[in-house]
Amino acid sequence: MTVPGVLAPLVRGSTWRRAVFLLLGGVLALPYALLAAAFAQLLGNAGVPRPVGGGLLLVGAVLAAVPVFLAGSRALEIAAARALLAVDLPEPAPGHRIDRETRLRSALWIALHLLTGALVLFAAISAFPMALVFLAGLAGVDTGAGPEDGFGPFDPDRPVAAGLAGLALLVALGYAVAGLGALAASMAPVLLGPAQAERIAALEARSARLAERNRLARELHDSVGHALTVATLQAGAARELLDTDPEFTRRALRAIEETSRRAMDDLDHVLGLLRETADGPAPAPTTPQATLDGLDRLVADTRAAGLAVESRVSGALGGLPAVVSREGYRIVQEGLTNAARHGRGPVRLRVAVPDGRLEIELVNGLRGATGPGGGGRGLDGMRERVLLLGGQLAAGPEGDRWRVRVTLPAPRGETA
């Protein structure tokens with residue numbers, strides 16, 4: 001190993017950060033040292049009755065031990081270990097009650113942090129200045145040290161030996177700090193790592209975030225995909241009839257404008273859920289989400305795009321739970337979009353609300369002998385929506401037709 005390689009731990013940035021972490025433990029240990037000195041003086045005073053001294057010592061010991069077992073102390077130690085030791089520790093789950101085993105591990109870590117930090121701090125304020133003084137003497141600087149200031153190899157009358165001993169002391173102190181810092185970094189995951197309950201809570205939170213991201217992806221796919229399909233069909237029809245039917249062209253452009261505006265509203269809603277500010281999540285968007293109350297408008301837009309739709313509705317759509325009404329609207333929207341993209345009209349749409357469930361059925365002709373009437377990500381999104389609500393979906397060709405049947409449970413609850 002080369003000399004620069006030997007000295008590398010002393011100049012490495014991680015060593016200095018770990019030294020700060022250890023010194024932080026020494027600073028936190030100072031109140032305990034002062035408390036211990038005060039009680040030593042108190043108990044050594046013959047004028048203080050033993051029962052009184054013992055009682056005060058017990059109270060002081062309890063007060064000194066309480067902070068070591070607090071969840072907040074563990075959270076602070078985790079933050080310090082992440083920032084200064086570069087240890088990848090998960091943040092404590094908010095509002096989660098830590099168990100006894102985790103508290104004991106955390107208390108042991110804090111005690112070791114305070115002890116090693118106190119040793120490093122003592123070395124820094126005693127051995128370090130002494131070594132610098134004798135190194136300065138080696139360089140010919142008059143430090144005012146006399147023979148009475150000698151200590152072992154640190155003899156002002158022998159500046160060369162004292163200077164070399166001071167240099168050796170500084171190097172040894174640096175290696176000690178590097179070694180203790182590396183040991184702390186390796187022990188932090190063991191003593192500060194999450195408990196089993198915290199790991200489960202973290203996995204559940206991650207699963208919830210993934211589910212929310214998937215839901216938002218479905219929202220964007222269904223809303224924007226439907227708007228682009230309608231706008232494309234309307235634009236194509238308007239181009240063909242621009243010279244012969246200007247009134248139809250104006251209606252098509254108006255439909256494109258309205259469809260695009262609603263798609264932008266949906267996009268703003270989804271982006272508002274994703275957007276975060278410096279102070280945390282942004283306020284919940286106020287744009288209402290589409291529900292089956294807007295089914296007539298959805299069907300009208302699809303018809304205006306040139307796809308014939310035969311719609312039949314039975315039952316009170318307004319009495320459905322809000323989540324069922326929203327997901328039902330998106331399922332119908334995606335089904336009409338798939339029919340416009342991949343199939344041919346007319347489309348027969350049936351929406352019914354029997355007791356305790358919502359039924360949706362879409363039937364359209366296949367484009368070509370074997371071409372699908374729906375599928376891909378759109379059908380996958382419909383299937384995910386149905387499964388999340390505990391419903392059933394059946395989709396596939398039946399002869400020359402493509403049929404989608406959806407049944408969703410609709411218990412009494414919050415209405416749309």
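Just so you know, the residues in each chain are numbered from 1, in the order the chain's sequence is written. Confidence filtering applies because this is a predicted model: local features only for residues at pLDDT of at least 70, side-chain atom pairs given and counted only at 80 or more, and all residues used for totals across whole chains, interfaces and linings. Side-chain metrics rest on all non-hydrogen atoms present in the structure, leaving aside hydrogens and water.

Notes on the overall build of the protein
Going by this rule: Here a helix means four or more residues in a row that DSSP labels H or I, a strand means two or more in a row labelled E, and each is numbered from the N terminus. Whether two residues touch is decided by their heavy atoms; if any such pair falls within 4.5 Å, the residues are in contact. The accessible surface values rely on the Shrake-Rupley method and a 1.4 Å probe; as for residues, cover is taken only from the protein chains in view.
A count of helices and strands for the protein gives 12 helices and seven strands. Of the contacts formed within the protein by residues at least 6 apart in sequence, a portion of 71% connects residues at least 24 apart. Carbon and sulfur atoms make up 63% of the accessible area of the protein, which amounts to about 23,300 Å² in all.

A look at the pairing of strand S7 (residues 401-409)
Where we set the bar: Two strands pair under a simple rule: DSSP has to find at least two bridges between them.
Here nine bridges tie strand S5 (residues 357-366) to S7, and the two strands are oriented antiparallel to one another. Along S7, the bridge assignment pairs Glu361 with Arg405. Two strands pair when backbone bridges link them, and strand S6 (residues 392-398) and S7 are joined in this way by seven bridges, in the antiparallel orientation. By the bridge assignment for S7, Gln392 is matched with Thr407.

Structural notes on the pattern of salt bridges
Condition: By convention in these notes, a salt bridge is any Lys or Arg side-chain nitrogen within 4 Å of a carboxyl oxygen on Asp or Glu. Whether a residue is buried, partly exposed or exposed follows from its accessible area with a 1.4 Å probe, protein chains only, as a fraction of its type maximum: under 20%, in between, or over 50%, in that order.
Throughout the structure, instances matching the rule amount to 10 salt bridges. Where Glu361 meets Arg350, a salt bridge forms, and the shortest distance between an N and an O atom there is 3.5 Å. Taken together, the positions of Glu361 in strand S5 and Arg350 in strand S4 (residues 343-352) put the pair 11 residues apart, joining distant regions of the chain. Residue Glu361 is classed as buried on the basis of its relative accessible area of 14%. Arg350 sits in the partly exposed class, given a relative accessible area of 22%. The salt bridge involving Glu398 is made with Arg403; its shortest N-O contact spans 2.6 Å. Using a relative accessible area of 17% as the deciding quantity, one classes Arg403 as buried. Salt bridges here are not isolated pairs; linked through shared partners, they connect Arg350, Arg357, Glu359, Glu361, Glu398, Arg403 and Arg405.

Quick notes on the packing of aromatic side chains
For clarity, the threshold we go by: Working definition: rings of Phe, Tyr and Trp (its six-membered ring) pair if their centres are within 6.5 Å, and the pair is stacked with planes under 30 degrees apart, edge-to-face with planes over 60 apart, and tilted otherwise.
Applying the stated rule across the entire model yields one aromatic pair. Taking 6.0 Å as the distance between ring centres and 40° as the angle between the ring planes, the aromatic pair formed by Phe21 and Trp109 counts as tilted. Of this pair, Phe21 sits in helix H2 (residues 13-43) while Trp109 sits in helix H5 (residues 100-125), and the two are 88 residues apart along the sequence. On the basis of relative accessible area, Phe21 is assigned to the buried category, the value being 1%.

What about the UniProt feature "transmembrane region" (unreviewed entry) in the protein?
The test is simple: UniProt positions are given in the numbering used here, feature names are shortened, and annotations may be inferred rather than shown by experiment.
In the numbering used here, UniProt assigns the feature "transmembrane region" (unreviewed entry) to residues 20-40, 52-72, 107-140 and 160-185. Structurally, residues 20-40 comprises 100% helix and 0% strand, and the distance from its first C-alpha atom to its last is 30 Å. Between the end C-alpha atoms of residues 52-72 the distance is 32 Å, and the span holds 95% helix and 0% strand.

Here we look at helix H3 (residues 50-69)
Structural remark: α-helix, 3.6 residues per turn; residues separated by three or four positions point the same way. Rules: One fewer than the residue count of a helix, multiplied by 1.5 Å, yields its expected span.
Taking 1.5 Å per residue, 20 residues should reach 28 Å; H3 reaches 29 Å between its end C-alpha atoms and fits that length. Summarising the contacts, the buried residues of H3 are in contact with H2 and H5.

Comments concerning the environment of Val386
Considering the arrangement of structural elements, one finds Val386 in helix H12 (residues 376-388). Overall, the relative accessible area of 1% leaves Val386 in the buried class. Through-space distance from the C-alpha of Val386 to that of Ile331 is 8.7 Å; in sequence the pair is 55 residues apart. Non-local contacts of Val386, meaning those with residues more than four positions away in its chain, are made with Ile331, Gly391, Gln392, Leu393, Val406, Thr407 and Leu408.

So, a nonpolar patch on the surface
Quick reminder of the rule: Put simply, a patch holds well-exposed residues, over 30% relative accessible area, that have no salt bridge, with like charges counted together within 9 Å and Val, Leu, Ile, Met, Phe, Trp or Tyr side chains within 5 Å.
A cluster of nonpolar side chains, contributed by Leu58, Val62, Val66 and Leu70, occupies part of the molecular surface with about 350 Å² of accessible area. The topology assignment puts Leu58 in helix H3. Residue classification places Leu58 among the exposed positions, given a relative accessible area of 58%.

Some remarks on the nonpolar core
The cut-off we apply is this: What makes a nonpolar core is a set of buried Ala, Val, Leu, Ile, Met, Phe, Trp, Tyr and Cys residues whose side-chain atoms join them at distances within 4.5 Å.
Grouped together as the largest cluster of nonpolar side chains are 30 residues, with contacts concentrated most on Leu292, Leu295, Val332, Leu349, Leu358 and Ile360. Elements supplying a minimum of two residues to this core: helix H10 (295-304), helix H11 (322-342), S4, S5, H12 and S7. The greatest single-element share of this core, amounting to seven residues, is contributed by H11. Excluding residues within four positions of it along the chain, Ile360 makes contact with Gly328, Ile331, Val332, Leu349, Arg350, Val404, Arg405 and Val406.

With respect to the sheet that holds S4
What counts, and what does not: Each axis is a line fitted through C-alpha atoms, and for a helix only the stretch in contact is used; angles between axes span 0 to 180 degrees, taken between their N-to-C directions.
Within the open sheet, the five strands sit side by side as S3-S4-S5-S7-S6. Their pairing is mixed. Only two strands of the sheet have a single neighbouring strand rather than two, namely strand S3 (309-314) and S6. In this sheet, neighbouring strand axes are inclined to one another by 10° on average, regardless of whether the strands run parallel or antiparallel. Sitting on the sheet, H10 touches S3 and S4, and the angle it makes with S3 is about 170°. Each of S3, S4, S5 and S7 is contacted by H11, which is oriented at about 165° to S4, the strand it contacts most.

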